[in-house]
Amino acid sequence: MLDAQLTPQPIYLKDYTAPIFTATHISLDFQLDPQETRVVSKTRFERINAGPATLVLNGSHQTFEGAKLDGVEIPPSQMALGEDTLEIFDVPDRFELEISSTNCPEKNTALTGLYISGGNYCTQCEAEGFRRITYSLDRPDVMATYAVTISAKKDACPVLLSNGNPIANGEAGEMHWAKWEDPFPKPSYLFALVAGQLEAVTDHYKTASGREVTLNIYVRKEDLDKCDHAMLALKNSMKWDEEVFGLEYDLDLYNIVAVSDFNMGAMENKGLNVFNTRYVLANKDTATDLDFDLVEGVIAHEYFHNWTGNRVTCRDWFQLSLKEGLTVYRDQEFSADMGSRGLKRIDDVRSLRAGQFPEDAGPMAHPIRPDSYMEINNFYTATVYNKGAEVVRMYEALLGKDGFRKGMDLYFQRHDGQAVTCDDFRAAMADANGADLEQFGLWYSQAGTPQVEATWSYDAAAQTLELHLSQSVPDTPGQTAKKPMVIPVRTALFGQDGTPMAVTYAGATAAEHRLMLTQAKQSFTFSGVENTPVPSLLRAFSAPVKLSTAHSDQDKIFLASHDDDPFNRWEAMQSLASDIILAKAGAAEATGAGTDAAALIGVMKNALESDALDPAFKAEMCLLPVDNVLMEQVAVSDPQAIVRAREAIRQDIAAALAPLWEQTYHEMAGGGDALDRTARSARRLKNVALGYRMAGAPMDVVAECYLQFTDAGNMTDALAALGQLAHTDTLERTNALAAFYETWRSDALVLDKWFSIQAGCLRENVLAQVLRLLQHPDFSAKNPNRFRSLVGAYAFANPKGFHRRDGAGYRFLADQIIAIDESNPQLAARMIAPLGKWRRLAKPYCSDMKAQLERVAGHPGLSKDSTEIATKSLA
Ligand code: TRP
Ligand code: ZN
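Residues numbered from 1 in each chain as written. Chains lettered and ligands numbered in written order. Predicted model: local features only at pLDDT ≥ 70, side-chain atom pairs only at ≥ 80, totals over all residues. Heavy atoms only, no water.

Draft legend 1. Structural detail: the site of ligand 1. Residues in close proximity to ligand 1 total 16 residues, the closest being Glu-126, Ala-266, Glu-268, Glu-302 and Tyr-385. Contact between ligand 1 and Gln-124: a nitrogen atom at 3.2 Å from a side-chain N or O atom of the residue. Taken by itself ligand 1 offers 370 Å² of open surface, and the protein chains cover 97% of this. Of all the secondary structure elements, the ones that give two or more residues to the shell around ligand 1 are strand E20 (266–267), helix H3 (289–304) and helix H4 (320–338). Its residues assigned to classes, the shell around ligand 1 comprises six nonpolar, five polar and five charged. (Near = heavy atom within 4 Å. Polar contact = N/O pair within 3.5 Å; in protein donor to acceptor, adjacent residues only side chain to side chain. Areas by Shrake-Rupley, 256 points an atom, 1.4 Å probe, with all protein chains shown as cover. Helix = DSSP H or I, 4+ residues; strand = E, 2+ residues; numbered from the N terminus. Nonpolar A, V, L, I, M, F, W, Y, C, P; charged D, E, K, R; others polar.)

The following block contains the structure:
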């Protein structure tokens, strides 16, 4: 037993077997109490496969009281209660099992199972939290209907919620109860219960087929004025899914609850989504424009899960990307349709590069369908979610929009109500289109970001262009000698006049062609190429690969000024900027541009002065790649050299364009506080301009920046100004931080921003400040949002402050991980990633970081969650 705890055993996909028994109906009775909640479950079990007559249930973190089989008390001789199982011997093929147990919500700091947040009861069951509530077959391929009765004190819990429809309620003295029924069979991970003092914002939606759906968002009374945006996003999502995928909501009630203690973003429980407050609450005074977008995206994501996740669910947790990759793809598409498709693509690729590429190149690299895990919670990763979404997007690139829709339709037609695999999804896509997707399946099994190289030769006499593409997939832990993948490469050839030429490839003449790279090396010939072209490759980032091209600096400048694919236009600038910064940092990987920022500055000036470009796109064109993305491009990096080089280039840009930044700032300042796209776009560019002005001549601009802070009528402008002031050593900094605290001390989400800004600032010795804030009366490590706002902001988003030469940043993070691991293993495990980068850092960073990782791994009693990440990161 002890050994098993010290070295958690991996679970393998290849070991999957179908369950012997399934549960068809589960009736749950909750008597809520903070110290001792009693749960009585009655489950109808049925044999569905051959095997022993022993029922093995999952269960932990509760006190077992007794069990009855078909109404008869089970004697101790017929049961075995283990550390995390309950076995019942000699069971018939069909029976009802009643189990009584108690648990203590108040002491549940892991935030999985039944716990208390802000005085209210709530549950989180994905992935394996249901087993902390009652003994059950806690696996996604066991799907049952549920009936749930909740009873609690009327005054403490006026609101009692569970999945599905409310069917009865009543009261007795100081207690009351409510009964809920969910008619749709679901896996246990989608069960939810919420009870407490909450108030609802209510709205209605009529589906395409005429169903009247009541929509509720439950929050604390103080937050009722922050729900409008989430509600609008929900209605827009419902409409969008009808229009784009023909998918309608299937119950008469859709409830959302916002809770402040939550390990992740939100949870798609059937008919009762539970959200981190961060992704629900927003108004112009408390939320930035970015926050508004995040709320919209997460609301959509959870809503879309109703079909991709709930109606069709996962057979086992290895298939997680089946629902997550697909649902992220769907929320990305929704946001693209609600706002700007080009900007959304830039955002999504930026976060893929910042979050997923390092994972794919590091010790935790895994395919989007992992083949083993120790703790499933560790596999809710950027790879499963974001690379998974890119893989779904490639089906669309391969099959076209209509073909993709046909595949989706067939997927639902075949699998509604089932628990299925990623292979089932791929088969539906293939069968609906008569396509061969055999090789495409490698995207599910091979880890690592494919590297694609592109060269070309132009024959002016023949007017042909030969494009040579090659690919290789790097080795990753446990995987070598990989096979070539299917890589869609959207390609256009730009003529000297700056527009794409209509050229012929494979018999078709068009301005853009979809090339399929399927071999290690391949050549593609275009004809009718009238003048020397500049190829625009991998347009809209048509595959999640690292592309290196034979583009000269001149080519990049050309594309950055002319490409009509917004992503590639931005990409050309990013690539130029990376070259210049990496060269300045002395990285061997730097190519081309040298250290002269003039070319880059020219590109930015052109963008700023353009009449055609949207201000928000101009803002993107002027932002340098972040340190973490730059570090990712270097095999072994000196983080401080990269930070210094980037900062130097930023200063050059600030100085060279100083009058233009000032002018842009004032031109963009008239937008007021409106939340429409135009006003938001202007704010974005204004605040990028403010950043450059403060980088160039902070002392000349600080008063104006402070004025923006004090006069702001919206959080975007206030926070942008505060963020700039925070980098300085000025009285304005002190005053602004103090004023912000006074204004927002009782608004948790806004106070999180106050912590983050200080943890992320670029002053010397930010660690000392972080340590002081750790002692602040408003700091609490128990609240994941607050913990991440301080410790996470420092370790993930402040490379300058974190990568200290004395290693104190790493030591601090290790201390924090160890401290939080005991109460919240999921949160602790997610904080280890920054320490997993040691192999790719230069001395002394490398050895200092490794030593801290060893300290975490060796900590006695470390959770299974953290043990898996720490030991794999050292291996
Ligand atoms: N299924 C959730 C989503 O992506 C993710 C999630 C919410 C989760 N809470 C969790 C995953 C807790 C693991 C543990 O929408
Ligand atoms: Zn999800």
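Draft legend 2. Spotlight on empty space enclosed by the protein. Per the counting criterion, the structure on display carries two cavities of 30 Å³ or more. Approximately 80 Å³ is the volume attributed to the largest cavity. Forming the walls of the largest cavity are 13 residues, and the residues nearest its centre are Ala-23, Ile-26, Leu-137, Val-142 and Tyr-146. Counting only elements with at least two residues in the lining of the largest cavity, the list comes to strand E2 (21–31), strand E3 (37–47) and strand E12 (143–153). As for the second largest cavity, its lining consists of Ser-321, Leu-322, Leu-326, Ile-368, Gly-388, Val-391, Val-392, Cys-422, Phe-425 and Tyr-444. (1 Å grid on protein atoms, 1.4 Å probe; cavity = no way out; pocket = protein on both sides within 12 Å on 5 of 7 lines; lining within 4 Å. Points joined across faces, edges and corners; volume = space filled by probe spheres on them.)

Draft legend 3. Representation of helix H10 (residues 566–584). Compared with the 27 Å implied by 1.5 Å per residue over 19 residues, the 27 Å span of H10 between its first and last C-alpha is a close match. Among the 19 residues in H10, 14 count as buried, and that is most of the element. Directly after H10, the chain includes Gly-586, whose backbone phi takes a positive value near 75°. (Expected span 1.5 Å × (residues − 1). Buried < 20%, exposed > 50% of the residue type's maximum accessible area, 1.4 Å probe, protein only.)

Draft legend 4. Geometry of helix H26 (residues 845–857). For H26, spanning 13 residues, the distance from its first C-alpha to its last is 18 Å, which sits close to the expected 18 Å at 1.5 Å a residue. Taken together, the buried positions of H26 are occupied by Tyr-845, Cys-846, Met-849, Gln-852, Leu-853 and Val-856. The buried residues of H26 occupy an angular sector of 135° when projected down its axis, which confines them to one face. Contacts made by the buried residues of H26 are with helix H14 (639–656), helix H23 (799–802), helix H24 (808–821) and helix H27 (864–874). (Arc of directions from axis to C-beta. Contact = heavy atoms within 4.5 Å.)

Draft legend 5. Representation of the coordination of the zinc ion (ligand 2) within the structure. Binding of the zinc ion (ligand 2) to the protein goes through His-301 (NE2), His-305 (NE2), Glu-324 (OE) and Glu-324 (OE), at separations of 1.9 to 2.7 Å. Viewed at the metal, the six donor atoms of the zinc ion (ligand 2) are separated by angles of 46 to 160°, and the geometry they form is irregular. (Donors = N, O, S within 2.8 Å, 3.2 Å for Na, K, Ca; no water. Tetrahedral: all angles 85-135°; square planar, octahedral: opposite > 155°, others 65-115°.)

Draft legend 6. Structural detail: the pairing of strand E13 (residues 159–162). Neither face of E13 is exposed, since Val-159 and Leu-161 on one face and Leu-160 and Ser-162 on the opposite face are all buried. The pairing of E13 with strand E16 (residues 193–196) spans four bridges and is classified as antiparallel. Of the residues in E16, the one forming a bridge with Val-159 is Gly-196. (Pairing = 2+ DSSP bridges.)

Draft legend 7. Broad picture of the sheet that holds E3. If you walk across this open sheet you meet the eight strands as E6-E5-E9-E3-E2-E12-E15-E14, and the pairing is mixed. The open sheet terminates on both sides in strands that have one partner only, identified here as strand E6 (72–73) and strand E14 (165–172). Pairing between E2 and E3: 10 bridges, direction antiparallel. Of the residues in E3, the one forming a bridge with Ser-27 is Lys-42.

Draft legend 8. How the structure looks around the environment of Ala-583. Tracing the chain through its elements places Ala-583 in helix H10. With 59 residues separating them in the primary sequence, Ala-583 and Ile-642 have C-alpha atoms 9.5 Å apart.

Draft legend 9. Up close: the pattern of salt bridges. Following the criterion strictly, the structure yields 67 salt bridges and no others. One salt bridge in this structure joins Lys-235 and Asp-203, with 2.6 Å as the shortest N-O distance. In this pair, Lys-235 is assigned in helix H2 (residues 228–245) and Asp-203 in strand E17 (residues 199–206), connecting sequence segments 32 residues apart. Each of Arg-220, Glu-222, Asp-223, Asp-225, Lys-226 and Asp-747 takes part in one network of salt bridges that share partners. (Salt bridge = Lys/Arg side-chain N within 4 Å of Asp/Glu carboxyl O.)

Draft legend 10. Representation of the packing of helix H5 (residues 341–360) against helix H6 (residues 382–415) within the structure. Where H5 meets H6, the closest approach of the two axes is 9 Å, and the angle between their N-to-C directions is 125°. With respect to H6, the axis of H5 lies oblique. The element H5 and its partner H6 pack so that their crossing is left-handed. For the pair H5 and H6, the contacting residues are Arg-345, Leu-352, Gly-355, Gln-356, Glu-359 and Asp-360 in the first and Ala-382, Thr-383, Asn-386, Lys-387, Glu-390 and Arg-393 in the second. Class assignment for the residues of the contact of H5 with H6 results in two nonpolar, four polar and six charged. (Axes fitted to C-alpha atoms, helices over the stretch in contact; angles between N-to-C directions. Parallel < 35°, antiparallel > 145°, perpendicular 65-115°, else oblique. Left-handed = near helix turned anticlockwise from the far one by under 90°.)

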